[in-house]
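Observations on the three-dimensional arrangement
So the chains spell out like this:
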Amino acid sequence: MGSTIAEKILGAHAGGTAARAGEVVVASVDFAMVHDARAANALEVIGKFGARSLPFAAKTAFVLDHYSPPPNAEAANTHTAMREFAERHGTVLYDVGDGICHQVLPEGGHLTCGDLVAGTDTHCTTYGAFNAFGTGVEGTDVSAVMMTGRLWFRVPETIQVELRGELQPGVWAKDVTLHMLGRLGAEGANYRVLEYGGSAVGAMAIDDRMTLCNHAAELGAKAAILEADAKTFAWLKAHGAREPRPVKADADAIYAQRIDIDASQLPPQVARRHQIDDVVGVPEVKGRKINIALIGTCTNGRLDDIRQAAAILKGRRIAKGVRMIVTPASRQVYLAAAREGLIEALTMAGASVEAAGCGTCVNITGHLISGDNEVVISSANRNFKGRLGNSSSEIWIGSAATVAASALTGSITDPRDVEGGQWRAVV
Amino acid sequence: MTTVICGRARVLGADINTDVNCSSKYMPGKDAAFVATCAFEQIAPGFAQAFKKGDVIVAGKHFGINSSREQAVHVMRLMGVSGIVAVSFGRQFFRNAINNGLPVIECDIDGIADKDAIEVDLAAGRVSVAARGIVRSVPPLPPEIQAILAASGLIPFLQKHPDWKLV
Ligand code: SF4
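Bear in mind the structure is a predicted one, so any value in this text is a computation, not a measurement. Sequence positions are assigned chain by chain, starting from 1 and proceeding in written order. All chains are assigned letters beginning at A, and all ligands numbers beginning at 1, according to the order in which they are written. Only residues with pLDDT of 70 or above have their local features reported here, since the model is predicted, and side-chain atom pairs are shown and tallied only from 80 upward, although totals for entire chains, interfaces and linings are computed over all residues. Side-chain numbers here rest on the full set of heavy atoms in the structure, without hydrogens or water.

Considerations on the overall build of chain B
A tally of regular secondary structure across chain B gives seven helices and seven strands. The helix and strand sequence of chain B, counted from the amino end, reads β-α-α-α-β-α-β-α-β-β-β-β-α-α. Radius of gyration means the value over C-alpha atoms here, while the globule rule gives 2.2 Å times the residue count to the 0.38 power. Computed over the C-alpha atoms, the radius of gyration of chain B is 15 Å, within 12% of the 15 Å expected from 2.2 N^0.38 for a compact globule of 167 residues. In terms of overall dimensions, chain B has a C-alpha envelope of 40 × 40 × 25 Å along the principal axes. Residue exposure (1.4 Å probe, protein chains only): buried if accessible area is under 20% of the type maximum, exposed if over 50%, otherwise partly exposed. Residues counted as buried form 57% of the 167 residues belonging to chain B. Two residues qualify as a contact provided that any one of their heavy atoms is within 4.5 Å of a heavy atom in the partner residue. Considering only intrachain contacts with a sequence separation of at least 6, the fraction spanning at least 24 residues in chain B is 62%. About 6700 Å² of surface is accessible on chain B, with carbon and sulfur atoms providing 55% of the total. Positive: Lys, Arg. Negative: Asp, Glu. His and the chain ends are not part of the count. A single reference atom marks each charge: NZ on Lys, CZ on Arg, CG on Asp, CD on Glu. Charged side chains in chain B number 17 positive and 15 negative. The centres of these two groups are separated by 3 Å. A helix here means a DSSP run of H or I that spans at least four residues, while a strand means a run of E at least two residues long, and both kinds are numbered starting from the N terminus. Here the open area of atoms and residues is found with the Shrake-Rupley method and a 1.4 Å probe, where only the protein chains shown may cover a residue.

This is how it looks when you write it as structure tokens:
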């Protein structure tokens, strides 16, 4: 009986061969992460241990990304505590402005193919873009990892998703994940792993693959995983990652469900206000007026997203009355975008560019509070009522291409209809 | 911890979002003790006030959805919840419950009414409501999870068993 990628990775880390879905295993973790929004809880749990040693704290990263910059003294004090802890225990520290956890971990070379990574955030699924099993946990879990390097896991069932054909220019991994949300519903993959494969995945650049795996969190997935290929190995090598241990599923692996999508037929998608699984094709809602356009977050704040936005907006102006904010996912992304002239192009087009971090994903920093009845189009991953601090405004979710095209015209726009909207990542 | 829980069933619906109802996430500045006095108020007015220590929460699918916050479980511990029987659980909530010593059992809840006397046998994998003739067997919790629950949670478990010897 064959095994899925998840069964193999968890089994191997539990000291055996493949584990079976449904089993509970205690597995060695390769790297752990705690971000500032959950650090207080983690530090409190660790505090309960007294002075126990934390041998795995050096294989853990603390990332100051949500409260970036800290909006109040409590958050600033959490940052201070995190810096002190990191200093004392040799924990890897990413400070304010360094970037979002899910971007800085891969960029920092902290993970590789075949790894098991646990962090205090549901979007840890992102690491699956590198053929690693990344999953979100809480303070007690990471405390256990820092103490012992191990953690218990229930081995999840897997849904296999085949993306046939190739995405049209102007259509992105974001549109695939929104389509999946419309199809399965939010939490439709609760507790399961999504194994994406097929020619459309092979054709994607790494940035887009990260989006594909990141957004699995809204489906409730425990992880999302892709097979590794030459692009994966080259990217990991360029970022100083450890030697990859690529893991493939067996041909006779057992899947809980199989989903087949013809990627070439997919138009750009948007999630309508308040509900991430209320998804329609952009052509169905185009022309709807928007007030604020956001590009950023761990879902779509990467270099290719910013390149796509600049391809649409370079030499032009965003529509009158529209506010646009671009938040690069990390300092490295910011620097690369600056070097390519993208920051200048977007700034001249009327966008404001913020320091790297979670930015305006959620109303933590208070940077962007929308007015009553204002309509936000965002490349983020969540659009609960009130997520940006005003429940009388609306958040619609689309790809960076859709957001940039909409900023240009002032209403929801199909990127395929504007010049530059069919830009493609060079892979 | 005994492996048999007896208490009153307190029934909630499906898709209960404990972020909204039962953690401080949407009540910033409020501590767990305060939230415990008004947990689930929005979906079941008066629920927390009428909750008695030892009661068992019975709920539909996806209980604890969205909640990655351990505070939701801390709140339920403060309320005196002795266990939760639900059709299914939000992924992280399930972990948090076990890590904090709160038994969670997946089981069909059809026919169980509010305030029914319910009995949950964790080791045997059985949920019963004698008054209604309901006896349902469910896959027992894996022994590893039972070991963590028996220690009242992951941290106390690791204090006793730093080698992770679960069973
Ligand atoms: S960018 Fe948004 S979704 Fe991603 S880790 Fe930050 S707050 Fe969470």
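And the narrative resumes.
Focus: the site of the ligand
All names here are of chain A. In the region of the ligand, the neighbouring residues are His66, Ile100, His102, Asp121, His123, Thr297, Cys298, Cys358, Cys361 and Asn381. Polar here means any residue outside two lists: the nonpolar Ala, Val, Leu, Ile, Met, Phe, Trp, Tyr, Cys and Pro, and the charged Asp, Glu, Lys and Arg; Gly therefore counts as polar. Its residues placed into classes, the shell around the ligand shows four nonpolar, five polar and one charged. As used throughout, domain bounds are those supplied by an automatic or database domain assignment. Structurally, the shell around the ligand is a two-domain feature, drawing no fewer than three residues from each of domain 1 (5–262) and domain 2 (272–417). Only a single heavy atom is needed: when it lies within 4 Å of a molecule or strand, its residue is near that molecule or strand.

Thoughts on the sheet that holds strand 3 (residues 83–86) of chain B
Residues and elements named next belong to chain B. Here we have seven strands laid out as an open sheet, ordered 4-3-2-1-5-6-7, and mixed in their pairing. Each of the sheet's edge strands pairs with one partner strand only, and the pair in question is strand 4 (104–106) and strand 7 (134–137). When strand polarity is set aside, the average angle formed by the axes of neighbouring strands in this sheet is 25 degrees. When DSSP finds at least two bridges between two strands, those strands are taken to pair. Note on geometry: axes are lines fitted to C-alpha atoms, helical ones only across the stretch in contact, with angles between N-to-C directions running from 0 to 180 degrees.

Some points on the domain arrangement of chain A
Residues and elements named next belong to chain A. Domain boundaries assigned for chain A yield domain 1 (5–262) and domain 2 (272–417). Contact residues are listed per partner, giving 39 residues for domain 1 and 32 residues for domain 2. Joining two parts hides part of their accessible area as seen by a 1.4 Å probe, and the buried area is that hidden amount summed over both. Of the roughly 3000 Å² buried between domain 1 and domain 2, counting both surfaces, carbon and sulfur atoms make up 57%. The largest share of the area that domain 1 buries against domain 2 comes from Ile100, Trp172 and Lys174, three residues that together contribute 20% of it. Throughout this description, the term salt bridge denotes a Lys or Arg side-chain nitrogen within 4 Å of a carboxyl oxygen of Asp or Glu. As a salt-bridge pair, Glu218 and Arg382 come within 2.9 Å of each other at their nearest N and O atoms. We define a polar contact as two N or O atoms separated by no more than 3.5 Å, with the added condition that, inside protein, one atom must be a possible hydrogen donor and the other a possible acceptor, whereas residues neighbouring each other in sequence contribute only through side-chain atom pairs. In this assembly, domain 1 and domain 2 are joined by 20 residue pairs in polar contact (both at pLDDT 80 or more). Put simply, the parts of the chain that give the side of domain 1 that touches domain 2 at least two residues each are helix 4 (101–107), helix 6 (173–184) and helix 8 (206–214). Broken down by element, the residue count for the side of domain 1 that touches domain 2 peaks at six residues, all from helix 6. Of the residues belonging to the side of domain 1 that touches domain 2, the class tally is 15 nonpolar, 17 polar and seven charged.

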